[in-house]
Amino acid sequence: MEDKELNLVDHLEELRKRIIVSALAFVVFFIAGFIYVDDIYKWFVGNTKLMVLGPSDIMWIYFMLATVVAVAGTIPVLALQIWLFVRPALRPIERRITISYVPALFFLFIIGLAFGYYIIFPMVLDFLVNMGKDMFVTNFTAERYFSFIMNMTLPFGVLFELPVVVMFLTSLGIINPFVLAKIRKYAYFVLIIIAIVITPPDFMSDFVVTLPLLLLYEISINLSKFVYRKRLKKLQEEDKEDEVVEA
């Protein structure tokens, strides 16, 4: 009983350590983002002057942009800390496979942000502005403008992580491609709903967003099949080696 309690305490201590490291990484990237907010702001809007309705809006923009930088920078650190936490429970082959997913998480997050910013954001913005151009004078406040950008980009940054997350969970034996294929129709339904919610109410916009999301799911299934077969093969080889050593 005491051994189990000590083991639990060790696990909690290790978890606390990983959380602290991740939190410190977030703070460091947040400070870096806060320092370079001016450059980030100019990259988004160029020489355009956006309105603010009060002094607090300026600080809100600083915090929002710095937070996005912090989230993007913390993702690989957090993934590494999760891997370090579960590493003792993994076989050597599982350790080698799963560590390769850490940088992939970061790059896919950035690709998802780019997809949202360069494809979805201008499409939705043009649609909404053109819809009201004969009725309204269009002026954007900085708060509303950047909130709109975040709503159009961050969800895709998260959704584009799906293939790597699926590969990671498959390599740990938590899920397999057969389960993913079985729930395909439910996953499709959820992804279509997401696409409809975050895009303008026209068929072309829904189609442009839905197609990549469904493609991501199919890619995830095929990657899961590849990892699943590779994992089974390695486990069989290790079992044979163990049998030879025991003999």
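Trainee: Teacher, can you tell me more about the overall build of the protein chain here?
Mentor: Helix and strand counts for the protein chain stand at 10 helices and zero strands. For the protein chain, the sequential pattern of α-helices and β-strands runs α-α-α-α-α-α-α-α-α-α. Taken across its 247 residues, the protein chain has 36% of its residues classed as buried. Relative to all contacts within the protein chain whose residues are 6 or more apart in sequence, the contacts with residues 24 or more apart total 84%. Counting every atom, the protein chain has about 15500 Å² of accessible surface; 69% of that belongs to carbon and sulfur.

Trainee: How should the nonpolar core be read in this particular structure?
Mentor: Note that soluble globular proteins tend to have their nonpolar side chains buried in a common cluster. Of all hydrophobic cores here, the largest spans 37 residues; its most connected members are Phe-44, Leu-65, Phe-146, Ile-149, Phe-156 and Leu-213. Taken together, the elements giving at least two residues each to this core come down to α2 (37-45), α3 (55-86), α5 (101-132), α6 (142-159), α9 (184-198) and α10 (203-246). The dominant element in this core, judged by the number of residues it contributes, is α6, at eight residues. Filtering out sequence-adjacent residues up to four positions away, Phe-146 remains in contact with Tyr-41, Phe-44, Val-45, Leu-50, Ile-61, Met-64 and Leu-65. Counting residues in hydrophobic clusters, the runner-up holds 13 residues, among them Ala-72, Ile-97, Val-164 and Phe-168.

Trainee: Sorry if this is basic, but what is going on with the packing of α3 against α5 here?
Mentor: Relative orientation and spacing of two packed helices are given, respectively, by the angle between their axes and the distance between those axes. Running from N to C, α3 and α5 point in directions that differ by 155°, and their axes come no closer than 8 Å. As the angle between them shows, α3 and α5 are arranged roughly antiparallel. Pair α3 / α5 crosses with right-handed handedness. Of the residues in α5, those touching α3 at Val-71, Ala-72, Ile-75, Pro-76, Ala-79 and Leu-80 are Val-102, Leu-105, Phe-106, Phe-109 and Ile-110. When grouped by side-chain class, the residues that make up the contact of α3 with α5 number 11 nonpolar, no polar and no charged.

Trainee: Would you take a moment to explain helix α7 (residues 162-171) for this structure?
Mentor: It helps to recall that an α-helix has 3.6 residues per turn; residues three or four apart then point in one direction. Among the 10 residues of α7, seven are classified as buried, and the element is accordingly described as predominantly covered. Gly-173 lies just past α7 and shows a positive phi near 80°.

Trainee: Teacher, can you tell me more about the pattern of salt bridges here?
Mentor: Between side chains of opposite charge, a pair can form as their charged atoms come close. Applying the stated criterion across every chain, the model contains four salt bridges. Residues Asp-38 and Lys-42 are paired through a salt bridge, measuring 3.4 Å at the closest nitrogen-oxygen approach. A residue pair is termed a helical-turn pair when its members lie 3 or 4 positions apart in one helix, as Asp-38 and Lys-42 do in helix α2 at four residues. The class for Lys-42 is partly exposed, based on a relative accessible area of 46%.

Trainee: Whenever I open this one, the environment of Leu-213 confuses me. Can you help?
Mentor: Mapped onto the secondary structure, Leu-213 falls in helix α10. Beyond its immediate stretch of four places on either side in the chain, Leu-213 contacts Phe-156, Leu-159, Leu-191 and Ala-195.

Trainee: Which parts of the structure should I look at to understand the packing of aromatic side chains?
Mentor: Centre distance and the angle of the planes are the two values used to describe a pair of aromatic rings. One pass over the structure, following the stated rule, counts 22 aromatic pairs. Ring geometry for Phe-30 against Phe-63: centres 5.6 Å apart, planes inclined by 45°, an arrangement best described as tilted. In this pair, Phe-30 is assigned in helix α1 (residues 2-35) and Phe-63 in helix α3, connecting sequence segments 33 residues apart. Taking 5.7 Å as the distance between ring centres and 70° as the angle between the ring planes, the aromatic pair formed by Phe-34 and Phe-63 counts as edge-to-face. Pair noted here: Phe-34 is in helix α1 and Phe-63 is in helix α3, with a separation of 29 residues, a long-range link. Residue class for Phe-63 comes out partly exposed when judged on its relative accessible area of 42%.

Trainee: How should the confidence of the model for the protein chain be read in this particular structure?
Mentor: Where the model shows low pLDDT, its predicted coordinates should not be examined in detail. With 89% of its residues at a pLDDT of at least 70, the protein chain reaches an overall mean of 82. The element-level mean pLDDT for the protein chain is lowest in helix α4 (residues 92-99), coming to 74, with helix α8 (residues 177-182) highest at 90. Predicted confidence is poor over residues 1-6, with pLDDT under 50, and the contacts of this stretch with residues over four places away or in other chains come to zero contacts.

Reading the values: rules and limits
Residues numbered from 1 in each chain as written. Predicted model: local features only at pLDDT ≥ 70, side-chain atom pairs only at ≥ 80, totals over all residues. Heavy atoms only, no water. Helix = DSSP H or I, 4+ residues; strand = E, 2+ residues; numbered from the N terminus. Buried < 20%, exposed > 50% of the residue type's maximum accessible area, 1.4 Å probe, protein only. Contact = heavy atoms within 4.5 Å. Areas by Shrake-Rupley, 256 points an atom, 1.4 Å probe, with all protein chains shown as cover. Core = buried A, V, L, I, M, F, W, Y, C linked by side-chain atoms within 4.5 Å. Axes fitted to C-alpha atoms, helices over the stretch in contact; angles between N-to-C directions. Parallel < 35°, antiparallel > 145°, perpendicular 65-115°, else oblique. Left-handed = near helix turned anticlockwise from the far one by under 90°. Nonpolar A, V, L, I, M, F, W, Y, C, P; charged D, E, K, R; others polar. Salt bridge = Lys/Arg side-chain N within 4 Å of Asp/Glu carboxyl O. Phe/Tyr/Trp six-rings, centres within 6.5 Å; stacked < 30°, edge-to-face > 60°. pLDDT = per-residue confidence, 0-100.

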